[in-house]
Amino acid sequence: MSCPLCVLSLDLATVLQYIIDMIGFLHRILSCFFRQFAGGGGRNTGGEIREEFWEADFSKPGKTRFEIKPEDACDAYLTKGAGGGKTRSLGLGLKKSACLAWAEAPAYRYGDMVLKARLRLDCKGGYGAAGIVFHQTGGGTYYLALLSSKGYFRLDLVRNTTPLALIGWTECPFSGSAAELAIVVCGGRVILIIDGRWAGEVDDNSITCGSLGFALASYEAGQADAPAHVAEAFLDYLSVDTRADQVEAARAAWNPVPRESRLRLAGTFAAMGQSVPALVQLKKIWETSGREQEDLLLAAQLAQVLERYDEAEEYVGAALALPGGGAALALAEEKAKILYARGRRTALRDHIAETLKTHKPSVVLLSLLGHAHWELGNYQEAGAAYDGAFELDRNNGLPAANAANAYDLLGDRDKALDRYLAAGRSYLEADNYDDLGVLVPKILGLGRDRWEAHALAGKWAFGIEDWETAGREFSQAEALQKKAGSPAKDPALCFLRGLLLIREGKRRKALPLLEEAARLAPDYGLFRFRLAETRYLLDNNPADPRLRSDLEQALSLLDPARETAPGEQETWGWANNLAAQLCLAEGDTETAAAHLEKAAAALGERPPVLVNRAVYQYLRGSPDKALAILDADRGLDTEGLMANCAGNLLVRSGRFEEAWAWYRRALDIAPDNQEFVANGSSCLIEMGQYGEADTLLARAHNPSPALLELITYVAIKKGEYYRAESACNAALELDGAHVPSLRSLGWLFCTARRWDEAGGILARLDALPLSGEAAEHREELRQRILEGSTRLIPCASCGRTWRVPLDPPPVSFLRLVAMPPDEIPAGTCPACGTSYCVGCAKKHVDKNGRFTCPACGKPLKLINEGLKKIVADWAAGEKN
């Protein structure tokens, strides 16, 4: 052991490490003393910690120290071991994803120890981790070491259920499905060894002893049709050795540690913001091997974070003195950062100028050069340096914003506005609404007459959900665009304006804007997907060829094989979920299953995916499985989508009372959700509970056309026709092409015998591309209008008929100069009331050349104004 006085000449990190080692040494001495005098037997009675070597026996439940029993979240069980034969293992299966559970071995507590485990992990195609819980004391306090299915490990301290990462996820060379894990706990130091290789160490004595557990975590589920367990882990071997000499030997065995292992751990600590532990690991590397540029560069960065600038400069200088020079530019950048942090502006400017003579410019160097010029008062040079930095990385808006500030100080408003807009677009692309919000007042101040300025301000407002400001700025942008002579349109502006209209319940009015956005940006999958989604939500017609075309294009554009961005990959998941929904609507369960698998892979176990999976099971004849999916984890259903779907499926089965219970659950979660209000009201209507349905509908604020249609239906059932008509008109103000409301209003006009207005509604329906049931309903309305506003008059001889209005207007005096064709009405007998066509009547003509009634001989007359109108129209045609 070193003399304590020697540490006075060392740096802080070495001093801290020395203190930790001394504490560990004293801890081991006290532990040995405790063991010497504690006495007692092999079992942990009264909390004693005994020296022992124990190997777990998984042959029978009674022989293992683990609790073998099923729990709500997991099952613990004994199963056949990996080696086959008579070997047995402890199995642990999770019943749901996004969950951590473990099998406990509570009978014994351990302090310093050497634990060795051999484990296997099967995540069923998903993502998870398995490992060991140790030093568990109850109350949610323990250490947790995990190995993930992606080939990483981590170590956490959990105190009162609150986790603290001691070693974050760190890459380690093992398969990710099977590994040997050794944990050495000695005097407050925890060492992890994976597959015989040192993986990491940390000094922490927050918990001195506790019991063990075998842990399994599932972060993402794999298969769409998951088995009983979404993930499983198997403990094939476990031993614990608490003998002091063996623990000390295991601790000392790993000295020196392989360089690459410590360097990897130092990188993890640095990423976690643990600068001192990272530096400690680097200095331990240097104790046994030489310093390299990569180490020294990291050390300089860590020292700078700790504001130890002299030390940081020493590391940079040492690195530059080494042969090779592969990290020369990075080291020059690091030196520039140190000079900037120390306020040495002139030296910083000169250093960067010298560096740029031999190296290509970088964003860091040019940005720092801009800072140097700015603080030296050279704003023109600062702006030029910032411009250069932005040109190298146009995704980083900060240099552009700095350039704008410089040009603004110089009074160059146009150049300043252009840079502010460029910076704002970069921030918007990165969803950095905080920094964009700082720029918006400056952008509007300089660009109040520029449509681009208002468009960007509107996009920022939309991003922070300030819908009113977004709408106002978008309107100003549109007005300025028109004033400027219709320049090239911004597809994102069209898209967001459309989304605002959808928020206001004006989905039909939004459709042209979404179509325009997709036309202007044909290669952007999000626009095409939202267009397809809007078409489906508007008309609920899965066979619509435009909908199918838009969705196919979206799926192609968003396909991960095209190396799309992460956000687009999620949209690809939603597009597949919509495709599955369309297939399910048409009964194509096979294609739906393929889309559902892709949606689950991209989105995980989200309620909309589970909803479609439940519908899939329902269509395959398994309603109980469908309901089980929707009721498996109520905690997932934070928006009520799963409860609403369960209600829908029960309605389809005619189980209305059960459905209403599910709709109530959905409404408890989201009482203002208009779809849930509509579905619940429809269910009550099916049960004949119109008053209850009306009460529920009254809860809706700013009701959608679909809700207003339900209000219309209930009002008609209650005989409140004026209210029903008002609801129809309100729905048509929101969506002039809402077919159900048009149809209902048409029938209301028929009931009131307002035939002309009913005919106007029919004309509006004729202008829409209706098919299927909607077209059939239109024809029913047409027939009702025809029957209600006209009547048929037959020819008493041949049966030919003419349709005439019930109350036709009078026709002016007729004078015929030629014989009408046979199909034209000849007139009606004033005595018997029968009518005849010209073809039949010309066989019965009196001496004066007049048509007469074959039955009574009386002259025929055009008494009915409707028949007279037919003759008048023929005569007018003859004249022309």
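Parameters and conventions
- Residues numbered from 1 in each chain as written.
- Predicted model: local features only at pLDDT ≥ 70, side-chain atom pairs only at ≥ 80, totals over all residues.
- Heavy atoms only, no water.
- Helix = DSSP H or I, 4+ residues; strand = E, 2+ residues; numbered from the N terminus.
- Rg over C-alpha atoms; globule rule 2.2 N^0.38 Å.
- Contact = heavy atoms within 4.5 Å.
- Areas by Shrake-Rupley, 256 points an atom, 1.4 Å probe, with all protein chains shown as cover.
- Lys, Arg positive; Asp, Glu negative; His and termini not counted.
- Charge placed at Lys NZ, Arg CZ, Asp CG, Glu CD.
- Axes fitted to C-alpha atoms, helices over the stretch in contact; angles between N-to-C directions.
- Parallel < 35°, antiparallel > 145°, perpendicular 65-115°, else oblique.
- Left-handed = near helix turned anticlockwise from the far one by under 90°.
- Nonpolar A, V, L, I, M, F, W, Y, C, P; charged D, E, K, R; others polar.
- Pairing = 2+ DSSP bridges.
- Core = buried A, V, L, I, M, F, W, Y, C linked by side-chain atoms within 4.5 Å.
- Buried < 20%, exposed > 50% of the residue type's maximum accessible area, 1.4 Å probe, protein only.
- Expected span 1.5 Å × (residues − 1).
- Salt bridge = Lys/Arg side-chain N within 4 Å of Asp/Glu carboxyl O.
- pLDDT = per-residue confidence, 0-100.
- Phe/Tyr/Trp six-rings, centres within 6.5 Å; stacked < 30°, edge-to-face > 60°.
- Lys NZ or Arg CZ within 6 Å of the ring centre and 35° of its normal.
- Polar contact = N/O pair within 3.5 Å; in protein donor to acceptor, adjacent residues only side chain to side chain.

Student: Would you explain the overall build of the protein in this entry?
Tutor: Helices and strands together make up the secondary structure of the protein, namely 34 helices and 18 strands. A globule of 880 residues ought to have a C-alpha radius of gyration of about 29 Å, yet the protein, at 41 Å, is considerably larger. Considering only C-alpha atoms, the protein reaches an extent of 150 × 80 × 45 Å along its principal axes. Within the protein, counting contacts between residues at least 6 apart in sequence, those at least 24 apart form 57% of the total. Summed over its atoms, the accessible surface of the protein is roughly 42400 Å², and 51% of this surface lies on carbon and sulfur atoms. Considering the protein, the positive charge centre built from 100 side chains and the negative charge centre built from 114 side chains are found 5 Å apart.

Student: Mind showing me how you'd approach the packing of helix α18 (residues 525–539) against helix α19 (residues 545–558) here?
Tutor: Axes are the key here: two packed helices are described by the angle between their axes and the distance separating the axes. Following both chains from N to C, one finds α18 and α19 inclined at 150°, their axes separated by 8 Å at the closest point. It follows from the interaxial angle that α18 and α19 lie roughly antiparallel. You can see that α18 and α19 cross each other, and the crossing is left-handed. Side by side, α18 and α19 meet where Gly-525, Leu-526, Arg-528, Phe-529, Leu-531, Ala-532, Arg-535 and Tyr-536 of the first sit next to Arg-546, Leu-547, Asp-550, Leu-551, Gln-553, Ala-554, Leu-557 and Leu-558 of the second. Per-class residue counts for the contact of α18 with α19 are 10 nonpolar, two polar and four charged.

Student: Can you help me understand the pairing of strand β16 (residues 801–805) in this one?
Tutor: Every other side chain in a regular strand lies on the same face of the sheet, so the side chains alternate between the two faces. The sheet contact formed by strand β15 (residues 790–794) and β16 spans five bridges and is antiparallel. Opposite Leu-792, over in β16, you have Arg-803 as the bridge partner. What sits between β15 and β16 in their antiparallel hairpin is a turn of six residues, with Gly-799 showing a positive phi close to 85°.

Student: What is the right way to read the nonpolar core from this model?
Tutor: When a protein is soluble and globular, its nonpolar side chains tend to lie buried together. Among the nonpolar cores identified, the biggest contains 90 residues, and Phe-66, Phe-134, Ile-183 and Leu-282 are the most heavily contacted of them. When sequence neighbours within four positions are dropped, the list of residues in contact with Ile-183 reads Met-113, Val-114, Leu-115, Ile-132, Phe-134, Ala-145, Val-190, Ile-191 and Leu-192. Listed in part, the 51 residues of the second largest apolar core include Leu-456, Ala-470, Leu-513 and Leu-531.

Student: Explanation requested: unusual backbone geometry in the structure shown.
Tutor: In terms of backbone geometry, most residues other than glycine have negative phi values and most peptide bonds are trans. For the bond from Asn-255 to Pro-256, the omega torsion is 5°, close enough to zero to count as cis. Counting through the fold element by element, Pro-256 comes out in the loop between α2 (244–253) and α3 (259–271). Look at His-135: it is not a glycine, yet its phi comes out positive at around 55°. Considering the arrangement of structural elements, one finds His-135 in strand β6 (residues 127–136). Notably, Asp-431 is not glycine yet its phi reads approximately 55°, a positive angle. Looking at the secondary structure, you find Asp-431 in the loop between α12 (413–429) and α13 (433–446).

Student: Please clarify how helix α6 (residues 309–321) should be interpreted in this entry.
Tutor: Residues lying three or four places apart along an α-helix face the same way, a consequence of the helix completing one turn every 3.6 residues. Compared with the 18 Å implied by 1.5 Å per residue over 13 residues, the 18 Å span of α6 between its first and last C-alpha is a close match. Along α6, the residues classified as buried are Tyr-309, Glu-311, Ala-312, Tyr-315, Val-316, Ala-318 and Ala-319. Elements that come into contact with the buried residues of α6 comprise α4 (275–288), α5 (293–305) and α7 (328–341).

Student: I keep staring at the pattern of salt bridges and nothing clicks. Help me out?
Tutor: The tally for this structure, following the rule as stated, stands at 60 salt bridges. A salt bridge links Asp-236 to Arg-120, with the nearest nitrogen and oxygen atoms 2.8 Å apart. Here Asp-236, found in strand β14 (residues 231–241), pairs with Arg-120, found in strand β5 (residues 113–122); they are 116 residues apart in sequence, far enough to count as distant. Look at Asp-236 and you get buried, because its relative accessible area is 14%. We classify Arg-120 as partly exposed; its relative accessible area is 23%. Sharing partners across several salt bridges, the network here consists of Asp-310, Glu-313, Arg-342 and Arg-344.

Student: How should I be thinking about the sheet that holds strand β9 (residues 162–171) in this particular structure?
Tutor: In sheet architecture, strand pairing relies on hydrogen bonds along the backbone and comes in two forms, parallel and antiparallel. The strand order β4-β13-β6-β7-β8-β9 describes an open sheet built from six strands, whose pairing is antiparallel. The open sheet has two edge strands, β4 (99–110) and β9, and neither has a second partner. Geometrically, the sheet is characterised by an average inter-axis angle of 15° between neighbouring strands, direction not taken into account. In this structure, β6 lies alongside strand β7 (residues 142–148), joined through six bridges in antiparallel fashion. Looking at the pairing, Val-133 lines up with Leu-144 of β7.

Student: What's the story with the confidence of the model for the protein in this structure? I'm lost.
Tutor: Atom-level detail of predicted coordinates should not be read off regions where pLDDT is low. For the protein, per-residue confidence averages 88 on the pLDDT scale, and 92% of positions sit at 70 or higher. Per-residue pLDDT stays below 50 along residues 1–10; that stretch engages in eight contacts with residues further than four places along the chain or on separate chains.

Student: Looking at this model, I keep getting lost on the packing of aromatic side chains. Mind explaining?
Tutor: What characterises a pair of aromatic rings is the spacing of the ring centres plus the angle enclosed by the ring planes. In the structure shown here, the tally under the stated rule is 10 aromatic pairs. The interplanar angle of 25° and the centroid separation of 5.2 Å between the aromatic rings of Phe-134 and Tyr-143 together place this pair among those described as stacked. Across the pair, exposure class does not vary: Phe-134 and Tyr-143 are buried alike. Aromatic ring contacts, followed pair by pair, group Tyr-127, Trp-169 and Tyr-219 into a single cluster. Above the face of the Trp-169 ring, Arg-154 is positioned so that its terminal group lies 5.2 Å from the ring centre. Between the NZ or CZ atom of Arg-665 and the centre of the ring of Trp-662, over which it lies, the distance is 4.1 Å.

Student: What should I look at first to understand the environment of Leu-531 in this one?
Tutor: On the secondary structure map, Leu-531 appears in helix α18. Taking the relative accessible area as the measure of exposure, Leu-531 reaches 1% and is therefore buried. Beyond its immediate chain neighbours, meaning those up to four positions away, Leu-531 contacts Leu-511, Leu-514, Glu-515, Ala-518 and Asp-550.

Student: Any chance you could explain the side chain of Ser-789 here in plain terms?
Tutor: Assignment of secondary structure puts Ser-789 in helix α32 (residues 772–789). In terms of polar contacts, Ser-789 uses its side chain to reach the backbone carbonyl oxygen of Ile-785, at 2.5 Å.

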